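Structural features, examined
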Amino acid sequence: MRYVLQRLAFYLFTAWAAITINFFVPRLVPGDPVQALIAKNQGQIDTRSMHSLYVLFGLDKKQGLWDQYTAYLAQLSHGDLGVSFANFPTPVLDILKSSLPWTVGLAFCALLISFTTGTLLGVLMGWWRGSRLDSVLPVTTFISSIPPFWVGALMIAVLVAVGSSFPIGQGYDPGLVPGWDGAFIGSVVQHSLLPAAMLVVTSMSGWILSMRNMMVTVGSEDYITVAHAKGLRERRVMFSYAARNALLPNVSGFALAFGQIVGATFLVEIVFSYPGIGYQTMQAVGATDFPLLQGIFLVTTMFVLVANLLADVAYLFLDPRTRKEG
Amino acid sequence: MTAGQTATEGQTVTVGQTVLEADGLTKHFPVGRRGGRVVHAVDDVTLTLRRGRVTALVGESGSGKSTVARLLAQLYPRTGGDIRLHGESVTVRRGRRFRAYARRVQMIFQDPFASLNPTHTIRYHLTRALRIHGNAGEGRAGLEQALTELLGKVSLTPAERYLDKYPHELSGGQRQRVAIARALAADPEALLADEPVSMLDVSIRLGVLNLLAELKERLHLAVLYITHDIASARYFADDTLVMYAGRMVEGGDSESVTQHPAHPYTRLLIASAPDPDRILGEVLPEELNDEDTGEPPSLIAPPSGCRFHPRCPAAMERCHDELPPRFDVPDSGTGHWAACWLYAEPAAGKEGDAA
Amino acid sequence: ACGGSSSKSGGSAGGVLNIGMPNGPQTENNNPFLGTSAGASLGYRWMIYEPLAMVNFAKPAEQPRPWLATKWDWADNFKTLTLTVRDGVKFSDGSPMTADDVAYSFQLLKDHAALNFNALAIDSVSSSGNQVTVKFTTSQFVTQQRVLQTFVVPKAIWSKMADPATDAVKNPVGTGPYTLKSFTPQTVTLTVRKSGYWQTAPQVGELRYTSYTGNDTQTTALTTGACEWSYVFIPNAKQVFAAKDPAHNKLYFPPNLSADGLWINTTVKPFDNVALRRAMSMVINRQDIFVQGESGYFKPLVDSVTGLPTPAGDPFIIDQYKGQKATVDVAGAKALLTQNGFSFASDGSLKDPSGKPVSITLTDPAGWSDYQTILSIIADNFKQIGIKTSIDKADQNAWFKNVGSGNFQATMHWSNGGGTPYDMYQNIMDGNSLKPIGTDSPAGNYGRFNDPAATKALQDYANATDDATRQAALATLEKTMVEQVPMIPTSAGNVGAEYSSKHWTGWPDDSNQYNGGQPTIEAALDVVLHLKPAS
Amino acid sequence: MSQPVLELKGLCVDYGLGEQAVHAVRDVDLVLHRGEVLGLAGESGSGKSTLAYGLTRLLPPPGVISGGKVLYHPREGGPAVDVLRMTDEQLRRFRWAEASIVFQGAMNSLNPVHRVSTQLTDVIAAHDPASSPSSRLARAKELLALVGIAADRLDAYPHQLSGGMRQRVMIAMALALEPQVVIMDEPTTALDVVMQRQILRKLVELRERLGFSVVFITHDLSLLVEFSDRIAIMYGGRIVEEAPAAELYRDPLHPYSDGLLHAFPPLRGPRRELAGIPGSPPDLRAMPTGCAFHPRCPKAFAPCAEREPQLLAPGPAPRTVACWLHTEAPPESGVAEEAVTTG
Amino acid sequence: MKSFLRTFLRNPKTATGAAILALFVLLAFAGSALAPYDPSARSDDLLQPPSGKHWFGTTHLGQDLFSQVLVGTKSVMYVGFTAGIVATALAVIIGVTSGYLGGAGGETLSALSNVFLVIPALLLIIIITSSVPSGGDTLVALVIGFTSWAWNARVLRAQTLSLRRRDFVEAARANGESTWRIVLFELLPNLSAVIFSGFIGTVVYAVLTEVTLAFIGVPGISAWNWGTILYWAQSQQALAQGAWWWFVPAGLAIALLGTALSLVNFGVDEYVNPRLKNVGQRHAKAADGRPVKLRVGFTPVIHAPVAVAAEEGERS
Ligand SMILES: Nc1ncnc2c1ncn2[C@@H]1O[C@H](COP(=O)(O)OP(=O)(O)OP(=O)(O)O)[C@@H](O)[C@H]1O
Ligand SMILES: Nc1ncnc2c1ncn2[C@@H]1O[C@H](COP(=O)(O)OP(=O)(O)OP(=O)(O)O)[C@@H](O)[C@H]1O
Ligand SMILES: [Mg+2]
Ligand SMILES: [Mg+2]
C-alpha cells in the first residue's frame, strides 16, 4: 500500500511539473495568435481585422503571467481546458476529442502491431538464433535508421506514380459521414494502412532487438535448461519460460513508447495528412494557440503517466518479485 | 599449538596484545520502505582480536558474520555498541580519519571475483592501496619495489608476471592473493578476512589458508577469519566464535569449541559437517536424529529469549523467555564459554559433552 | 474518382460539386462573422449567408452588382449609406428578410468589435420601410466594397444569442441558396434549398467541402479528380495538375489589387538612400520569381513600375506609367549607383557613399518555402550589383514581431488589397501608420516609409469628394512608388482557383472574368450560380 | 552387483567444433546401478557438470557430444536405448520421466515468475497430458510433503522461499515422475552445512523408499564419502579412479584422489598434516601429453608424460584406476616393476 | 579501453559501421571543400536529373544537390555529436550521482529525470528553437541534448545502483578511496560501455531530430543540412513532380549514418553483454564437414553412425 501511495505521489508531482512547464514554455514564444492567424492567411485577412481578433480572443486585456497561471490551474481543476484561438470559439476539449481518437487509433494500433510482431519476432529470433530469421535483423535496423517521414513520402510518391487508388491522406473518404457503419470503418482502416505500416516498419526493429537480446540472455538461465530437462514441449519452454521472463524490459519500453505516441506520430500525421493530434500540434504551434498546445501537452503528459502506471501494474502482474513491497 | 610466542627479534610487538575490540556491537538494517521494521543482523556482539592470533567466526549463512566484519571495518554505521582500536573508541565514516583507521584495519572480501575492479590492472589496485596509505615509496623505483615486495608477501612471484594483468586473467587463487596483497599494502595490524576461501577450489583453498597462517606468524597480524567451514576454523584459528541469528552463542579456543562443542547449535553445526569417517560405522549424533532440524529464524522478528530455542532439542521454559548470558563451560580451561542456560547450573556437565 | 455514396454524382443537374481546401480538420462553427470558423476557412459561409452586393474580384474597378440590396447610395462624402433592401428574399427557415435584418446585421458589427472583421467605422444604423441607413464616422470611399460585402443574418435568431461573438451557430439560417446538411471535421456538405431562394436556384445540388490536411493531399485530390475546385499552391502546377487532364484541369489566377514584394526598412542605412532602393528594384528578376518561385501561375507577375497588378489595376495606372515595365537592368542600376556616390570595389562588391560595403539580410519565416525561394532568387540578383546578401530563416512569430516593429532590413511580405489601389498603397507608405522602430506597427508601413506628400495623397484619396482630386492623389502615390521605392513589388495577390470542368462548366476563366475564382471569397457564390452540368 | 540403469560408453563431450573444440569430457566409461548413489568428484573444471549435462543432452551451445553412447535400461526390461540417438520427441519423453536432474543453484533453477505449483504441475502435464488438473495438484502436494514442505507453500513464488526450501522443491520436482535416475549437480554447495545435511538425509531416505539411482556431483570429497555408495574421481575430463566410497576413502590409488583427500582438514580425530595438490588444473586447450595429472603428480615417472593410462582394474576388487602406478607399464618403457607398488 | 577497441573492431558489423562513420566525419570536415558548387548558387539547370555535371541533379532553382548533401553533412554531424555529448554528460552526472548517492538527493535527481521523460521532447524542442531563432546549430544541439538525457540517466542510475553494492566498490571504500575517486575511477570505467552505447543512441536520435526539425521548417538550423534539403524537396513536392533525385540522396545519407551508428552500437551491446556475442553461430561444421545444428536444450551428437545390430549385441 505504501508503495502504491508513493507511486501516486510521484505521478502527481510529475504531472504538476509537466503542467507547469507546459504552461510556461509556449509562452516563451514571441508573437501572438492574432498575428499567427494573419500569417496563416497570408494576405487573405486584412490588417484591419486584427483589432476584432484581439477582442475576440480576449487578448486586448493584459494579464500578468502569474495570474494567467493561477487562472489556468483553477480552470484545469474544473476540467476546463479553455478555448482554442485558431478554432475560436471551439473549446480545446472538443478539438482534442475529435483529433485524439485518430492518433490513438492509428498510433496505438501501429504500436500494438509493431510491439507484438516485433516482440514475437524477437522471441523467435532469440530462440532460434542464427537461423535464417536472423538475417531480418540488419534489414530492420537499416529501415529503422531512416526518418519515417522520408519513407512515408516515398511510399506516397510510388503509389501515386503507379496510379494506385490507395488512399494516401486524410482519415477517411471525404464522402462518408463518421459512424459505426461498415463503409466508414472500412474506409478508416484503409486510410490508416499506409501510415500505420510505416510506423510499424520503422519502429519494429527496436522491439525485435531488445526482445532478441533479452531472449538470448534469458536463454542461458538455468531455469530454461531445467524446463528442457523437464521434457516440456519446446513451445511451452519458449513462451511460458523464456519469453515470459524476457518480456519485462519490453513492457516498460512499451509503456514509454505509448507515452511518446504523440511525438512519434506527429511527423507521420503530417506526411500522411492524418487528422490526429500530431497534426493538430503542428497547427497549434504555427498558430501560437496556447490553449490548444497546453491541452495537447496535458493529454500527452497524462498519456505518459497513465502508461507508466500501467507498466507498473503490469510489472506487478508479470514479475511476482516486485510484489513483495506493499 | 595455541598462542605461539614467536615474536621475531627486533620487534617490539607483543603477541597476544589486543588490537581491535568490539563491545556490544549491534546492527539493525531497516527493511521495507521507511517502515519501522528492521533486520536484526547483529545483536550485542563482543569480540577481541589480538596480535598474532587468528580468531575464527563461524555460523550458518545469514547469521551476520559479514556484517560483523563490515562493522569492524567501519563500512556500516553501527546501531549500537562500541569498537575500540587499541582501547580507543572509534567511529569514522569517511575522509582522513577513515583512512587512518583503514591503515590499521583492513578487510578482505568474501568473493575474489567481485572484489577486484574488472577494468583495472593488478598494478592499479595495488598502487592505489599503497598510495592511499603512503607506503608507495620514493618515486617510480620505490613504488616498483614496494609492489614487488607486496606480491612477494603473497607468493605471487615473479611480480612482473602479474602486475599488468587484469583480474579476469588470473585464477581464483591468484585473485584472492591479490586481494590479500591489497589489504597488506596498508601494512595493517588487523586483517578481517570474510570467507576468503569459500569461492575457491579445494586444491587452491589450502594454499590461501596456509598463506594467511604464515602471514599471521610473520607479520603478527590480528586476523578475523570468517567461514562456515568449521574444519578449517579448527585448523587455522587459535580461537573460534560461533554466531547464530545475529548473536554470539559460543566461543573459546578452536580445539575445545570444535571438539567439545557446548552450545546445542554448535553441536548441530559440527554434527552436520560432512564427515567421511561416518560411513565407517559411526552412529549418528543425537542432534541429527530428529526428522527436521528446522529452518533458520526470521531476523525481522527474531525469537524471544535464546534465538535458538525453537530448534533446540534441549530447550527449556527459560530459553523461551530469557536471553542467556555467557556462561563458562566447566570442563575446558581456556576461556571456553557458551550463551546457553544449560550452563547456568554449576552441575551441567552431563549435557556438556555429547560428541 | 468522384467520391459520392448517397447523392447523385457530379455532372448532372442536382449533382455534387467537390470543393477542397488544405486547411486541416475543422471544428463545427458556422458563424459567418468569425474568420476562425469552418464556414470562413472552407468558404461555405458565402453559400448560406449572402452579402448586400456582389463584387467582381477579378475586376475590382467594376461597380458591384446588386444582391440583397437592390440599390445603394453613398452620401455625405461616403459617410452615409442608404440601402434599398430587396423584396421577396426569404431565409432558409422561411421567414422573410427585411430591412430590419439588414440593419440588425450592421448593428451587430457596431456592437461587437470581435465580429467587425473589416473594422467598419459604423456610427449609427437606422431603418425605415425597405431602406436602411448606415452612418459612418469616416469616409468609406476606399472601403465601400467591404461595406457591401456585409452578411445579412436573421435578427430573430441572432438577437436571441447570448453572445453572438462566441456562438458557433450550429444551425445556420441565411438567405443563401444552400443549407447545411452535415458537418464532420473533414467534410461539410451543403444541399441546395428546395425552394424559396430569391433568384434562380443553382444547378449544383450538393456542395461537398473537404478540408484536406495539407497542400500535398489537396494537390493529389485535385490531380485524381477527387476534388474539383480548390485554392492551393501547387509547385510546378502546369505539369503536376494541368497536364494531367489538359482539357478540363484549369488554373485561373487573376490578380487582385494587392502586391507581394520586398519590403525594405527605409530607416536603416544605407537603404534610406533612394538610389540604392531603385537600383535594387532594377536588378530583381520578377520573371524568375514568377516562374521559379510562384510556379509560373500562383501569384501573378507584377511588372508595372507602379507595382499595381494587371489587369486588375489597369484602370488605375496613370498615363505616365501605362505600359512601363520593370525590367532587369544591371548596367543601369550600376550606373545609377555610381552616380549617387556608391562605388564598386575591385571584387565587385558595392560600397556606400561613406565607403562602407553594402550588405543586406533578407528574412522570412523558415516554413514559408515560396518566400524562401524568392529570397534565394533576390539574393542572387543582388549579388550582381555587389550587395552581400544573407538569408535569415526566422521563426514565424519572431519574424512577425520583428517586421511589425521594424527590426529587419528587408523581407518578403504581402500588402493589403481592396477595390482600389488605396489599400495597397496605404499599407505600404502611410505616414499615419508610422511607428518608431521597436514599436509594433499593426496597420502596415513596416518599412517606416515617411513622405508627407504621400501621406497627404493617401488622405486625399480616401476623403476626396471629387474624382479629380482622387486622380491627382493617385498620381502622387504612383510616382512615390516609382521614384522612392518604399517597397519593391514582385507579385500580385490573387483571387484564383484550380478547378476541373469535367463535370461542371461555367467557371470563370481568363476570357470570361466575371469574377474571381477562389472558393473562400464572396465570388464563390457567384461562381456556383454560374455552374452547369457538363453535357 | 545389481542391474545397471545407465551405462556411459566412451562418452566424449566438446565445447565448440573443429580446431577450436575444447575436449571437456574425454572417453568416459561409467555404469550406474539400480538404487545406488554414484558420487562424482573432482576439482573445479574437471568436467563433472559437462558430463551430467552431456548425458542428458542439455549442454548449451557450443557444447556438442562428439562420441560414445549413453545406454539407458528401462525399468520394464527390454532392450537398452541410446539416449544419444533419440529423436527430439523421444528425448523429451525420456527426460524427467526416466532421468531427472537437479542443478546447482535452486535460486536459478526455478522460474521466478511462476508459482511453485505451476512448475510442479507442468512437468506432470507435459508427460501425462491426460491427467486432470486436480490430480496434478494433489500430486504436487504429495511431493511437497515428501520433502517436508507444507502444502500451503504451493502458491508461493520462488523468491518467497528460503534457499533450502527451494532446493527441496527442486528435489520434489525431480521425483515427480518417479524416474529411475536422478542426477544432482552440486545440489548443496550454496547451502550451509545444517541445511545441506538436512537435504541429503531426505534424499537418502527417499532413495531407500523409491529405489531410484542417484548421480551425485560435488567437489567436496568428504561429503561424497559419507553419502555415496561408489565414487568416481574426474580429472581433466577423464575418470581417473572409481571405487566403492569406503575403499576410496581408506585407500585412494590415484595420486590425485590421494591429493584431494588430503586437501580437506578433518573435523574430528587427530590433526593431520595437510598437503594439498601443487600446481593448477590443466588448460583443456593445451592438455599435457600422457597422463593429464603428471605435471602436478608427486609420483610421476617416465611413462606418465608419454602415454595416457587406461582405466583398468588394478586387482580383484571392484575398482578401477587410470594410473601407471597401478597398471601394467606400457611395453615400450621398461620401468614397470618399479611402478607397481601398492595393490 | 584497449581491449574494448580491439574486441570492438574485430566485429565485422562494428568495423563496417566505424568505416562508414569515419567517412561521414571526413565529409563533415571537408564537405565544403569537396563540394563542386556553392550549394545556394542558382544556375540555369532547373530541376535536372542526375548527370555528369550535377551528380545528384538540381533543385527548382538550379542548385546542385550533390554540393548540398556534402555541405550539409557538417551540420548534421555537429548537431548529432554535440547533442550526444551534452546528453551523455548530463546523463552520466545525474544518473551516476543519483545512483551512487541514494537518499533524498538521489531521489530528487531521479524524479527530475522522470519529469524530463514525461515532457514531450520534440514539441519542447520546436518551441524553444522557435523562440530563440538566432541560436543556430549550437542551440539546436544543446536543446536536443538537454531534452534527451533522461532515459540514459535512468539506465545509468539503475546500473550504478547495482554496481554501488558490488564488492569492488566496497573494497575501494574499505581501502580508503575518496568518494569522487570511487565514482570516477571505479564506477565510470565499468559503466563505459553503457555510456558509450547511450551516447551512440543519442547521436542517432539527435541526427533524426535535427533532420526532422529542418524538415518541418523549424528555423535556426544552418542553411544546409540533410533536413533542409528534404524540406525544400517536400515543399516543392519534388516527388509529385517526379524529381526523386531531390528527395532520395539526403534520405539515404541519413539512413546510412543511422545504420552506421546502429552497427557501432551492436558492437557495444555485444561488448556489454557477451552473451550476445557469436550467437549467430548456429550452423557449424563438424570436423568431417557435416553441418551441425546447435540448439539450446538438445545438444547435438556428432559421432559417426554405428550399425544398429552392433548396438544390440553390446547390450546387457
Ligand atoms: N544491507 C543490508 N540491508 C538489509 N539486510 C541486510 C543487509 N546486509 C545483510 N543483511 C541481512 O543481515 C543478515 C546477516 O547478513 P550477513 O551477510 O552478515 O550474513 P553472513 O553470516 O555473512 O552470511 P553468509 O554466510 O551467507 O555470508 C542477513 O539476514 C541479511 O539478509
Ligand atoms: N562454453 C564453453 N566453452 C569452452 N569451454 C567450456 C565451456 N563451458 C565449460 N567449459 C570448460 O569445460 C570444462 C569442464 O567444465 P564443467 O563445468 O563441466 O566443470 P565442473 O567439473 O562442473 O566444474 P565445477 O566444479 O566448477 O562446476 C572447464 O574447464 C570449462 O572451462
Ligand atoms: Mg557473508
Ligand atoms: Mg559444475
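Residues numbered from 1 in each chain as written. Chains lettered and ligands numbered in written order. Predicted model: local features only at pLDDT ≥ 70, side-chain atom pairs only at ≥ 80, totals over all residues. Heavy atoms only, no water.

Before going further, it helps to spend a moment on the overall build of chain D. A count of helical and extended segments in chain D gives 11 helices and 11 strands. In terms of C-alpha radius of gyration, chain D reaches 21 Å, essentially the compact-globule figure of 20 Å for 343 residues. Considered along the principal axes of its C-alpha atoms, chain D spans approximately 70 × 50 × 40 Å. Across the 343 residues of chain D, 62% fall into the buried class. Nonlocal contacts in chain D, meaning residues at least 24 apart in sequence, comprise 64% of its contacts between residues at least 6 apart. With the model as given, the accessible surface of chain D reaches about 12600 Å², and the carbon-plus-sulfur share is 53%. Computing the positive centroid from 34 side-chain charges and the negative centroid from 39, chain D places the two 7 Å apart. (Helix = DSSP H or I, 4+ residues; strand = E, 2+ residues; numbered from the N terminus. Rg over C-alpha atoms; globule rule 2.2 N^0.38 Å. Buried < 20%, exposed > 50% of the residue type's maximum accessible area, 1.4 Å probe, protein only. Contact = heavy atoms within 4.5 Å. Areas by Shrake-Rupley, 256 points an atom, 1.4 Å probe, with all protein chains shown as cover. Lys, Arg positive; Asp, Glu negative; His and termini not counted. Charge placed at Lys NZ, Arg CZ, Asp CG, Glu CD.)

The next point concerns the site of ligand 2. Residues and elements named next belong to chain D. As a structural note, the neighbourhood of ligand 2 is formed by 14 residues, with Ser44, Gly45, Lys48, Ser49 and Thr50 the closest of them. Ser44 is positioned such that a nitrogen or oxygen atom in its side chain is 2.5 Å from an oxygen atom of ligand 2. Side-chain polar atom of Ser49 to an oxygen atom of ligand 2: 2.5 Å apart, as the coordinates give it. If ligand 2 stood free it would expose 640 Å²; the protein chains cover 67% of that surface. For the shell around ligand 2, the leading source of residues is helix α1 (residues 48–55), giving three residues. (Near = heavy atom within 4 Å. Polar contact = N/O pair within 3.5 Å; in protein donor to acceptor, adjacent residues only side chain to side chain.)

Bringing the confidence of the model for chain B into the picture now. All names here are of chain B. Residues at a pLDDT of 70 or more form 87% of chain B, whose mean pLDDT is 83. Averaged pLDDT values over the elements of chain B bottom out at 43 in helix α12 (residues 349–352) and peak at 94 in strand β8 (residues 222–226). Counting contacts from residues 1–11, a segment whose pLDDT is below 50, to residues more than four positions away or on other chains yields 14 contacts. The model gives residues 347–355 a pLDDT under 50, and that stretch makes 14 contacts with residues more than four places away or in other chains. (pLDDT = per-residue confidence, 0-100.)

Taken together, the 51 residues of chain A in the interface contact 53 residues of chain C. Here chain A packs against chain C, burying approximately 3900 Å² in sum over the two surfaces, 53% of which is carbon and sulfur. The interface formed by chain A and chain C holds zero salt bridges in total. Run the count over chain A and chain C and you get two residue pairs in polar contact (both at pLDDT 80 or more). When residues of the side of chain A that touches chain C are traced back to their parent elements, those giving at least two are α2 (33–40), α3 (50–57), α5 (92–127) and α12 (277–286) of chain A. Tallying contributions element by element places α3(A) first for the side of chain A that touches chain C, with six residues. (Buried area = accessible area lost by both parts, 1.4 Å probe. Salt bridge = Lys/Arg side-chain N within 4 Å of Asp/Glu carboxyl O.)

The next thing to look at is the sheet that holds strand β16 (residues 359–365) of chain C. Residue and element names in this part refer to chain C. Taking strand neighbours across the sheet as the criterion, the five strands line up as β17-β16-β18-β13-β19 in an open arrangement whose pairing is mixed. The sheet is open, and its two edges are formed by β17 (388–394) and β19 (487–494), each paired on a single side. Pairwise comparison of adjacent strand axes, ignoring direction, gives a mean angle of 25 degrees for this sheet. As paired strands, strand β13 (residues 255–264) and β19 are joined by six bridges and run antiparallel to one another. (Pairing = 2+ DSSP bridges. Axes fitted to C-alpha atoms, helices over the stretch in contact; angles between N-to-C directions.)

Residues and elements named next belong to chain B. Taking 1.5 Å as the rise per residue, helix α6 (residues 172–185) with 14 residues should run 20 Å; its terminal C-alpha atoms sit 20 Å apart, in good agreement. Burial analysis of α6 places 13 of its 14 residues in the buried class, the great majority of the element. Once α6 finishes, Asp187 follows within two positions and takes phi at roughly 55 degrees, a positive value. (Expected span 1.5 Å × (residues − 1).)

Once that is clear, we can look at the domain arrangement of chain D. All names here are of chain D. When the domains of chain D are assigned, the result is domain 1 (4–235) and domain 2 (254–267 + 274–279 + 287–342). Summarising the inter-unit geometry, the C-alpha centres of domain 1 and domain 2 are found 31 Å apart. For the pair domain 1 and domain 2, the two sides together bury roughly 1000 Å², of which 62% comes from carbon and sulfur. Taken as a group, Arg26, Leu221 and Tyr235 account for 55% of the area that domain 1 buries against domain 2, more than any other trio of residues on that side. On inspection of domain 1 and its partner domain 2, the count reaches two salt bridges. With a closest N to O distance of 3.6 Å, Arg26 and Glu308 form a salt bridge. (Domains from an automatic or database assignment.)

The next thing to look at is the sheet that holds strand β4 (residues 63–72) of chain D. Residues and elements named next belong to chain D. The strand order β2-β1-β4-β5 describes an open sheet built from four strands, whose pairing is antiparallel. Either end of the sheet is taken by a strand with one partner, and the two such strands are β2 (22–33) and β5 (81–82). By the bridge criterion, eight bridges tie strand β1 (residues 4–15) to β4 in an arrangement that is antiparallel. Bridging from a neighbouring strand, Glu7 pairs with Leu71 of β4. Each of β1, β2 and β4 is contacted by α1, which is oriented at about 115 degrees to β1, the strand it contacts most.

Since the α-helix packs 3.6 residues into each turn, any two residues three or four apart lie on the same face. All names here are of chain A. Between its first and last C-alpha, helix α4 (residues 65–77) extends 18 Å over 13 residues, near the 18 Å set by a 1.5 Å rise per residue. Residues of α4 that are buried include every one of Tyr69, Tyr72 and Leu76, and no others. End-on, the buried residues of α4 take up no more than an arc of 65 degrees, which puts them together on one face. Positive backbone phi, approximately 75 degrees, marks Gly79, located one or two places after α4. (Arc of directions from axis to C-beta.)

A word on the packing of aromatic side chains. Residues and elements named next belong to chain C. In the structure shown here, the tally under the stated rule is 55 aromatic pairs over all chains. Taking 5.5 Å as the distance between ring centres and 85 degrees as the angle between the ring planes, the aromatic pair formed by Phe33 and Trp158 counts as edge-to-face. Placement of Phe33 in the loop between β1 (16–21) and α1 (38–42) and of Trp158 in helix α5 (residues 155–158) is noted, with a sequence separation of 125 residues between them. A single burial state applies to Phe33 and to Trp158, both of which are buried. Ring plane angle 40 degrees and centroid distance 5.9 Å describe the contact between Trp74 and Phe136, whose orientation is recorded as tilted. Taken together, the positions of Trp74 in strand β4 (residues 69–75) and Phe136 in strand β7 (residues 131–136) put the pair 62 residues apart, joining distant regions of the chain. Each member of the pair, Trp74 as well as Phe136, is classed as buried. Directly above the ring of Phe117 sits Arg45, whose terminal nitrogen or CZ lies 5.5 Å from the centroid. In this arrangement the basic side chain of Lys334 is found over the ring face of Phe344, its NZ or CZ atom lying 5.8 Å from the centre. (Phe/Tyr/Trp six-rings, centres within 6.5 Å; stacked < 30°, edge-to-face > 60°. Lys NZ or Arg CZ within 6 Å of the ring centre and 35° of its normal.)

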